Amino acid sequence: MRRTRLRAAAAQATIDPRQDPLNARTTTEEIPPTPDAQPNHAVIESSAADSDSEANVFKILLATDNHIGFMEKDPVRGMDSFDSFEEVLKLATESDVDFILLGGDLFHDNKPSRKSLHTTMSLLRKYCLGDRVCPIEFLSDQKENFPNGFNTVNYQDPNINVGLPVFSIHGNHDDPSGDGSLCALDLLSVAGLVNYFGKQVDVDDIAIKPLLLRKGTSKLALYGLGNVRDERLNRTFQRKNVKMYRPQEYADEWFNLMVIHQNRVPHGPNNHIPEQFLDDFLHLVLWGHEHECLVDPVHVPLQDFWITQPGSSVATSLCEGEATPKHVAILKIDGQNFNIEKVRLRSVRPFIIDEVCLKDQDDLSPADPKTVNQFLQDKVEELMEKALAEWNELNPGVSEQNVPKPLVRLKVEYSGGFTTFNPQRFGQAFVDKVANPKDILQFYRRRAPPQSAGKRKGITRIDVGAFLPDKLENFRVEDLVSEYLNLQNLEILPENELGDAVRTFVEKDDKDAIKEYVHRRFFTCERGLTWLIVLSPSLLRRLEPIFKAPFQRQLRMKADSRKKLTKKKKPAAPSSKPVSNDGSNNRSCFRPLEVEEYVFFDRLVTPIAFLTTWRSAGAVYIVVGG
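Just so it is clear, the structure is predicted and the values come from calculations on it, not from any experiment.

Attention now moves to the environment of Glu381. Secondary-structure assignment places Glu381 in helix H8 (residues 369-394). On the accessibility criterion, Glu381 (25% relative accessible area) is partly exposed. In the structure, Glu381 is positioned 53 residues away from Val434 in sequence and 9.8 Å away in space, judged by C-alpha atoms. Discounting chain neighbours no more than four positions away, the residues touching Glu381 are Phe430 and Lys433. Reaching out from Glu381, the side chain makes a polar contact with the side chain of Lys433 at a distance of 3.1 Å.

See the structure below:
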C-alpha cells in the first residue's frame, strides 16, 4: 500500500525540465539584492485559500522555543514543556498542515536527559510517522541541505513512513558543541524524525543555501540560519561575509522565507542582529529566540519584508514577556502572498504578573510589617483567582483537580522607608496553591542609573551591591565574566574566546570546554614560539661528545654494539664508575642513543642551570631549564 502511494506521488511530481528549478540546484549563485525589485508582500485573505486552491497553497505550522526538558525534575512544573510540545504536534495533525517549521531551542539543555530524548522521540513517532503522503516536492540538492550522511529529506526516505515532516534549525540552548560538533537535533536527524538544516561549518564565512520546495504552482525557498553567538554573527554581517543564494532561474517566482534564532532586541551595541542586516529579497522572516509572543506579522519598511515572532511555548522565566498568551501560527502561502493565523495554546500553565508600589497605598505604614504582609497575601490571592478564571474560560469542562496551579509573580516596589522580608517564608502559605511558591515576590527599588565612571572598554560596571534582587533580575553571568576578563589584559588566552569557553562550560554543561580551549591555544602558541638555548661551560663539556659525533657514527656504534651482544652469552654489566662533573668521563655520562631516540636540538628552551633526560614513548627527551 505504501509503495503504491509513493509511486502515485512520484507520478504526480513529474516536472517539465524547462520549468524545473531543480536545474538550478547545482548552479545556484549569489545574487546581490536589487534595489529596484519590489516583491509583493500582500497578505492574502482567509477566503482566498478555499478548497479549489488548496493544491497550490503551502500550509505550515510555525513554532519556536519549545524548550523541552525545562524544569523536568520539578514535581509541579516537570511536564509543562512536554505537554505544550504535544499540543503543538496535535494542532499540526488536526489542521492538516504540510509540515512543521521550528525556529530553534527545541530542547532546553545542550545535552538533554534520557527522559527528554525519549519523550520527544515518542511524540514525534506518534504524530509524524504514518502513511499520509506529503504533497511537497523537494527540488534542491539534498546533499547540500542535509549533510548528515544520509543526504535525504525524511519523507522521501524509502525506509521511513513520514506523514508530517518537521524542519528545524538549532538555537542557542541546543546548538552543536563538543567532539564532532554535534547536537541533539543531529540524533533526531539520523533517526529520521526531524529534518535538521541551517548548520554552518565556518561561522566567519557563512553561506546560506535554501531548501527549494514546490506545491502546485507555489514555490517556496526556505532559508535557515542556526544560532551563532550574536557578537560574532554581527561582526560577520558587518564584514559582508554572509552570503544568501537564490536560484538562477525564475528567481522572482519564489516566496522567500527565512528562519533565524538570534537576539532581536538590542542587549548591547553588537549583541543583536538588526533587521536591516537581512536581505531585502525576503518576503517573511520567522524569528526565534525571543520568548514574547508577537505572532502578528510586522512590516519592516526599510527592507520591505515581514517578521513574525511566535515566542516560546513554555514560560522559562517570570517576566512580562513570558506572561503574554502563548500562540503558534499557521502560515498559508499562495504564490508570493501569505496569511498567518495565530492559534492559542490551551495547555500552557496560567501565568500572571503584576506590580505594586507600597508607598502609594494609603493604608500601609513602614512601621507595621504585618499589615504589609497581609496586603501582599491578599494581592497574590487576587492574582491567583484571575489567572485561574482566564484558564477555565479557555478550557471549559475541565475538572477542578486537573486545573494546573498558576504561576504568579508580584513585583513589589518598597521605597519610602519600607523593608523587605524573606520571599520563601512568604510563599509557604501558597505551597498548595501556586506552582512557584519560592519566588512569588520580587522586591526592588527604583534607583537612578549608574554614572559613566564605572565604564571601561565599553562595558558598564554593574553595582551588584546596591541591591541584589532587582539587579540580579537583569544580570547575566556572561557579563560578569566578560568584565572580569577585560580587566586582566590577557595575552596568551584571548578574553572573548575564554569567555565563550566559560559560558559553554556553565550553560551547556560541557565539562571539557575549558580544557579543550586551553590545549588548543597552547598548541597554537607553541607553533609560533622561537626557542633559544644558552649553555654553561660545564654543560657544554658534558654535551660535547654528542654534538661532535655525527649521526652516521652513532648508527655504526649501535650496530657494532648489537653484534658484540649477540656473541656474548651474558650482557656486560653496566659500569659503576662514578661520573665526574668536569667532563673527564664523558663516555659514561652519555650512552650512545638508539636510532629512534636520537635527539636533534631544533627546539630548545631558555637559559639553563641543569640538564634532565627521561624516556617517553620510545624517545629520550633532553630538557634544558634554569
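So, about the pattern of salt bridges. One side chain can pair with another of opposite charge once the charged atoms of both are near each other. One pass over the full model with this rule turns up 18 salt bridges. A salt bridge links Glu86 to Lys126, with the nearest nitrogen and oxygen atoms 3.6 Å apart. With a gap of 40 residues between them, Glu86 in helix H2 (residues 80-95) and Lys126 in helix H3 (residues 114-128) connect regions that are remote in the sequence. You can call Glu86 partly exposed: its relative accessible area is 21%.

The next point concerns unusual backbone geometry. Unusually for a residue other than glycine, Met71 sits at a positive phi of about 50°. Topologically, Met71 is positioned in the loop between strand E2 (58-63) and H2.

Bringing the side chain of Asn263 into the picture now. Tracing the backbone shows Asn263 in the loop between strand E11 (255-261) and strand E12 (284-288). From its side chain, Asn263 meets the backbone oxygen of Asn271 in a polar contact 3.1 Å long. At 2.7 Å, the side chain of Asn263 forms a polar contact with the side chain of His289. Leaving out residues up to four positions away in the same chain, Asn263 has contacts with Asp230, Asn271, His272, Ile273, Trp287, His289 and Glu290.

The next point concerns the pairing of strand E3 (residues 99-102). The alternating pattern of E3 places Phe99 and Leu101 on one face and Ile100 and Leu102 on the opposite face, and all of these are buried. Note: E2 against E3, four bridges, orientation parallel. Each residue of the ladder has a partner; that of Ala63, found in E3, is Leu102. Running through H2, the crossover from E2 to the neighbouring parallel element E3 is right-handed. Where E3 meets strand E5 (residues 166-168), three bridges bridge the pair, whose relative direction is parallel. In the sheet register, Leu101 faces E5, and the bridge partner there is Phe167.

Spatial ordering of the open sheet is given by E4-E8-E9-E11-E12-E14-E13, a layout of seven strands whose pairing is mixed. The open sheet has two free edges, formed respectively by strand E4 (137-138) and strand E13 (294-300), since each of these has just one partner strand. The pairing of E13 with strand E14 (residues 305-309) spans four bridges and is antiparallel. What sits directly across from Val300, in E14, is Phe305.

Looking at the chain, pLDDT values average 76 and 66% of them are 70 or higher. Predicted confidence is poor over residues 453-473, with pLDDT under 50, and the contacts of this stretch with residues over four places away or in other chains come to 34 contacts. Note that pLDDT drops below 50 for residues 575-626; the model gives that stretch 89 contacts with residues more than four away or on any other chain.

Attention shifts here to the packing of aromatic side chains. The relation between two aromatic rings is expressed through the spacing of the ring centres and the mutual angle of the planes. Using the criterion set out here, one finds 11 aromatic pairs in the structure. Their ring planes at 40° and their centres at 5.6 Å tell us that Phe138 and Phe146 sit as a pair that is tilted. Both residues of the pair, Phe138 and Phe146, count as buried. One aromatic cluster is present, built from ring pairs that chain together Tyr414, Phe421, Phe426, Phe430 and Phe443. Between Arg264 and the ring centre of Trp287, over which it is positioned, the NZ or CZ distance is 5.8 Å. Taking NZ or CZ as reference, Lys411 lies 5.7 Å from the ring centre of Tyr444, over its face.

Let us now look at H3. For H3, built from 15 residues, the straight-helix expectation of 21 Å at 1.5 Å per residue is met to within 8% by its first-to-last C-alpha distance of 20 Å. Residues Ser116, Leu117, Thr119, Thr120, Leu123, Leu124, Tyr127 and Cys128 constitute the buried set of H3. On the buried face of H3, the contacting elements are H2, E5 and helix H5 (184-190).

A few words on the sheet that holds strand E15 (residues 327-334). Read from one edge to the other, the open sheet built from six strands follows the order E6-E5-E3-E2-E15-E16, with strand pairing classed as mixed. What marks the edges here is a single partner per strand, and that holds for strand E6 (195-196) and strand E16 (337-344). Here E15 runs beside E16; their pairing, made up of eight bridges, is antiparallel. The partner of Lys332 across the bridge, within E16, is Asn339. Seen against the sheet, H2 touches E2, E3, E15 and E16 and runs at an angle of roughly 170° to E2.

Basis of the calculations
- Residues numbered from 1 in each chain as written.
- Predicted model: local features only at pLDDT ≥ 70, side-chain atom pairs only at ≥ 80, totals over all residues.
- Heavy atoms only, no water.
- Helix = DSSP H or I, 4+ residues; strand = E, 2+ residues; numbered from the N terminus.
- Buried < 20%, exposed > 50% of the residue type's maximum accessible area, 1.4 Å probe, protein only.
- Contact = heavy atoms within 4.5 Å.
- Polar contact = N/O pair within 3.5 Å; in protein donor to acceptor, adjacent residues only side chain to side chain.
- Salt bridge = Lys/Arg side-chain N within 4 Å of Asp/Glu carboxyl O.
- Pairing = 2+ DSSP bridges.
- Right-handed = clockwise from strand over helix to strand, strands pointing away.
- pLDDT = per-residue confidence, 0-100.
- Phe/Tyr/Trp six-rings, centres within 6.5 Å; stacked < 30°, edge-to-face > 60°.
- Lys NZ or Arg CZ within 6 Å of the ring centre and 35° of its normal.
- Expected span 1.5 Å × (residues − 1).
- Axes fitted to C-alpha atoms, helices over the stretch in contact; angles between N-to-C directions.

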